[in-house]
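An overview of the molecular structure
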Amino acid sequence: MGEPGGPRSDVWATGAPYERYMGRWSRLVAEEFAQQQSADVADGLCWLDVGCGTGALSAAVAARRHPRLVVGADRSPGFVATARASAPPSGPEYFVVADAMCLPARDAAFDAVVSGLALNFFPDPAAAVAEMARVVRRGGLVAAYVWDYAEGMGFLRRFWDAARRADPSAAALDEGRRFPLCRPEPLRAAWAGAGLADVSVAAIEVPTVFAGFADLWEPFLAGQGPAPAYTAGLAPAARARLRDALGEAVPRNADGSVALTARAWTVSGRRPGRPVRAGRRR
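What counts and how
Residue positions are given per chain, counted from 1 along the sequence in the order it is written. Local features are withheld for residues below a pLDDT of 70 in this predicted model, meaning they are given only at 70 or higher, and side-chain atom pairs are given and counted only at 80 or more; totals for whole chains, interfaces and linings count all residues. Hydrogens are left out, water is left out, and the side-chain values use all remaining heavy atoms of the structure. Each helix is a run of H or I in the DSSP string that is no shorter than four residues. Each strand is a run of E no shorter than two, and both are numbered from the N terminus. The buried label goes to any residue with under 20% of its type's maximum accessible area, the exposed label to any with over 50%, and the partly exposed label to all in between, with areas taken from a 1.4 Å probe on protein chains only. The contact definition used throughout considers only heavy atoms, calling two residues in contact when any of these lie within 4.5 Å. When DSSP finds two or more bridges between a pair of strands, those strands are recorded as paired.

What follows concerns the environment of Ala150. Residue position: Ala150 is located in the loop between strand 5 (136–147) and helix 5 (154–166). For Ala150, a relative accessible area of 22% translates into the label partly exposed. Here the alpha-carbon distance between Ala150 and Asp174, two residues 24 residues apart in the chain, equals 8.7 Å. Leaving out residues up to four positions away in the same chain, Ala150 has contacts with Arg157, Gly176 and Arg183.

Written as structure tokens, this is what we have:
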């Protein structure tokens, strides 16, 4: 998630603002993804988490698949520091600062390579998928997931719709428009283009329940990520107009809470060749 590939607003660098803005929801998706993608992957294997961010997916893999090793790699030292701090000292997770475009691993070094909510931020997603395929063993899993920015990410969709109504130039920054990769067919094509077999795409949907409108709005003021960077760059009066427009756009329950949903698209495939031997390695 710390990989730079576009405007400076795309560079995720610090754990705490990310956790308040997106981390609480990305953890829910990571749990579902780890369950979904690892159903036919044996315990005791070696995993690589590319663009690991604050370590949510690495933690989910460690908890659900009893791996021998999970290596999380991210270009952001701040995210890697957050991931290290949150990992159990005796766990199998190990985090390194590394570029997704040039992973510091030999060919076929891992049994499974995964990536969560990061692929669209890489400078060259197709090259990143090819690099993921390079470092996985024959028969090994390569899988990832991204937010459905165009339609399924409820609070972000309402944010950009409100921003465009207040400021038509905001359309150019809308992740739904900027990241066409985050749809089923482009994801399927990226995996097939990397030579992966048995490619499948599926959806994960999780609830995003905010305690009140302030709980939804305040993370947009932190300045990290496309939507918060746009919000932080507005003049105070324009920011107030955006806040009011967003407030009118979101549904509220009787207790003031805001209940929406967020959808992610998952994609998985395997490197052609003899499948990874099942069972725990000795």
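Here we take up the pairing of strand 4 (residues 110–116). With seven of seven residues buried, strand 4 lies mostly within the body of the structure. Here three bridges tie strand 1 (residues 46–50) to strand 4, and the two strands are oriented parallel to one another. Looking across to strand 4, one finds that Leu48 is bridged to Val113. Relative to strand 5, strand 4 runs parallel, the two being bridged by six bridges.

For helix 2 (residues 56–65), the buried fraction is high: seven of the 10 residues fall into the buried class. Where helix 2 is concerned, the buried positions are Ala56, Leu57, Ser58, Ala60, Val61, Ala62 and Arg65. Looking one or two residues past helix 2, His66 carries a phi angle of roughly 50 degrees, positive in sign.

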